[in-house]
Amino acid sequence: QVQLVESGGGLVQAGGSLRLSCAASGRSFRFNAMGWFRRTPGKEREFVAAINWNSGTGYYADAVKGRFTISRDNAKNTMYLQMNSLKFEDTAVYYCAASPLRPSSIERQYANWGQGTQVTVSS
């Protein structure tokens, strides 16, 4: 089992920055990719970014390219999402997820999910 815990959410003004963290732990901690998704009430969960755990190569949704940066610390089993130039439309609950497969924007390929952390961007 892999447990994922997000942190770092909060309230920030438009144009500001925020860094989310996702700490992973568990008895059988093996995965090839981790990713971030977000959800606004009434909407489908949306892919944000994913990372190849071994190489560190990141992949991004068009909506966040150039503004968000995904990274990981192997020693800490922690993934990060640095969010810059935040916009009101970035407001959502952000979820981290782990996958035994390669990085993907497809939700069902991720086997483990965190509980989410709220990010609110004020205009």
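Each value, and the rule that gives it
- Residues numbered from 1 in each chain as written.
- Predicted model: local features only at pLDDT ≥ 70, side-chain atom pairs only at ≥ 80, totals over all residues.
- Heavy atoms only, no water.
- Helix = DSSP H or I, 4+ residues; strand = E, 2+ residues; numbered from the N terminus.
- Buried < 20%, exposed > 50% of the residue type's maximum accessible area, 1.4 Å probe, protein only.
- Contact = heavy atoms within 4.5 Å.
- Phe/Tyr/Trp six-rings, centres within 6.5 Å; stacked < 30°, edge-to-face > 60°.
- Lys NZ or Arg CZ within 6 Å of the ring centre and 35° of its normal.
- Pairing = 2+ DSSP bridges.
- Salt bridge = Lys/Arg side-chain N within 4 Å of Asp/Glu carboxyl O.

Some words on the side chain of Ser-21
No. 1: By the secondary structure assignment, Ser-21 is in strand S3 (residues 18-25).
No. 2: Judged by relative accessible area, which is 15%, Ser-21 ranks as buried.
No. 3: When residues no more than four places from it in sequence are discounted, the contact partners of Ser-21 are Val-5, Glu-6, Ser-7, Trp-36, Thr-78, Met-79 and Tyr-80.

Describing the packing of aromatic side chains
No. 1: In this structure the tally under the stated criterion is five aromatic pairs.
No. 2: Ring centres of Phe-37 and Tyr-110 lie 5.3 Å apart, and the angle between their planes is 80°; this geometry places the pair in the edge-to-face category. Here the residue Phe-37 occupies a position in strand S4 (residues 33-39), and Tyr-110 occupies one in the loop between strand S9 (92-99) and strand S10 (112-113), the gap between them amounting to 73 residues. For the pair Phe-37 and Tyr-110, one class covers both residues: buried.
No. 3: An aromatic cluster is built from Phe-37, Phe-47, Tyr-110 and Trp-113, whose rings are joined through pairwise contacts.
No. 4: Over the aromatic face of Tyr-95 sits the side chain of Arg-45, whose NZ or CZ is 5.0 Å from the ring centroid.

Remarks on the pairing of strand S1 (residues 3-7)
No. 1: Of the two faces of S1, the one lined by Leu-4 and Glu-6 is fully buried and the one lined by Gln-3, Val-5 and Ser-7 carries no buried residue.
No. 2: Judged from the five bridges that link them, S1 and S3 form a sheet pairing that is antiparallel. If you follow Gln-3 over to S3, its bridge partner there is Ser-25.

Observations regarding the pattern of salt bridges
No. 1: Applying the stated criterion across every chain, the model contains five salt bridges.
No. 2: Its salt-bridge partner being Arg-45, residue Glu-107 comes within 2.9 Å of it at the nearest N-O pair. Of this pair, Glu-107 sits in the loop between S9 and S10 while Arg-45 sits in the loop between S4 and strand S5 (46-52); the two residues are 62 residues apart in sequence, bridging distant segments of the chain.
No. 3: For Arg-45, a relative accessible area of 24% gives the class partly exposed.
No. 4: For Asp-90, the salt bridge is made with Arg-67, and the minimal N-O distance between the two is 2.7 Å. Pair noted here: Asp-90 is in the loop between strand S8 (78-83) and S9 and Arg-67 is in the loop between strand S6 (58-60) and strand S7 (68-73), with a separation of 23 residues, a long-range link.
No. 5: Each of Arg-38, Glu-46, Arg-67 and Asp-90 takes part in salt bridges that share partners, so that together they form one network.

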